[in-house]
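# Observations on chain architecture
Letter by letter, the chains look like this.
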Amino acid sequence: MKSNEVQGFTLGLALADAIPVVLFALILSSIMTHFHNNVFLSGGILTIVGGTCKVLWKILLACRKKDYHFLNRPLFIVLMPSGFLLMLLALVIACLEGEANLLGVLRACLGFPSVLFFIPGILGLVAMTIYVKCHDKSDAKNNWIEQLTNSFAQLMFLLGILVM
């Protein structure tokens, strides 16, 4: 994405992009109070760093009107999936070694009242993914919709974890 293609990227949009990153950090810290696993934590930190790079890219784009491309796609695409993969791997290994009970976690997520938050969170992520695939990423309006949807989903996950 070239800087002349990203009309309307404002500091407000960059700050809105930071909301899901902050919410994810709160989710990670909430999980870490119950699941003490350094690989999981490392994956969560990689994910947060990837999201922070994208936020920084938008801040620089909005304030300096210059595209620091390396902060957007390369770091975002490498760090976030790597982080989520590490988190998933840590969870699988912990379950296999008896350190975590996957059925217990699923039961807690699908139980009342947490299910009232997890289902909208999942639907929000699905909607955001479909929206991102179908719309122009360089349009600021589309970015607002994407970030607000992501913020909603992350908030739902955080609330679901807090009520478990």
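Provided above is the structure to which this section pertains.
A brief look at the structure comes next. These numbers come from a predicted model, not from an experiment. (Residues numbered from 1 in each chain as written. Predicted model: local features only at pLDDT ≥ 70, side-chain atom pairs only at ≥ 80, totals over all residues. Heavy atoms only, no water.)

## Some details on the packing of aromatic side chains
- Applying the stated criterion across every chain yields a total of three aromatic pairs.
- With a centroid separation of 5.7 Å and an interplanar angle of 75°, the aromatic rings of Phe24 and Phe84 are classed as edge-to-face. Of this pair, Phe24 sits in helix 1 (residues 11–32) while Phe84 sits in helix 3 (residues 69–96); the two residues are 60 residues apart in sequence, bridging distant segments of the chain.
- Among the residues examined, Phe84 registers a relative accessible area of 41% and is labelled partly exposed.
- Both rings, one in Phe118 and one in Phe157, keep their centres 6.0 Å apart while their planes meet at 40°; by these two values the pair is tilted. (Phe/Tyr/Trp six-rings, centres within 6.5 Å; stacked < 30°, edge-to-face > 60°. Helix = DSSP H or I, 4+ residues; strand = E, 2+ residues; numbered from the N terminus. Buried < 20%, exposed > 50% of the residue type's maximum accessible area, 1.4 Å probe, protein only.)

## Overview of helix 5 (residues 115–134)
- Compared with the 28 Å implied by 1.5 Å per residue over 20 residues, the 28 Å span of helix 5 between its first and last C-alpha is a close match.
- For helix 5, the secondary structure elements touched by its buried residues are helix 4 (102–110) and helix 6 (140–163). (Expected span 1.5 Å × (residues − 1). Contact = heavy atoms within 4.5 Å.)

## Considerations on the state of the cysteines
- Using the criterion set out here, one finds zero disulfides in the structure.
- Distance from the sulfur of Cys95, which forms no disulfide, to the nearest cysteine sulfur (Cys109) is 12 Å. (Disulfide = S-S within 2.5 Å.)

## So, the packing of helix 1 against helix 2 (residues 38–64)
- It is at 8 Å that the axes of helix 1 and helix 2 come closest, and there the two elements cross at 170°. Considering their axes alone, helix 1 and helix 2 lie roughly antiparallel with respect to each other.
- Per-class residue counts for the contact of helix 1 with helix 2 are 17 nonpolar, four polar and three charged. (Axes fitted to C-alpha atoms, helices over the stretch in contact; angles between N-to-C directions. Parallel < 35°, antiparallel > 145°, perpendicular 65-115°, else oblique. Nonpolar A, V, L, I, M, F, W, Y, C, P; charged D, E, K, R; others polar.)

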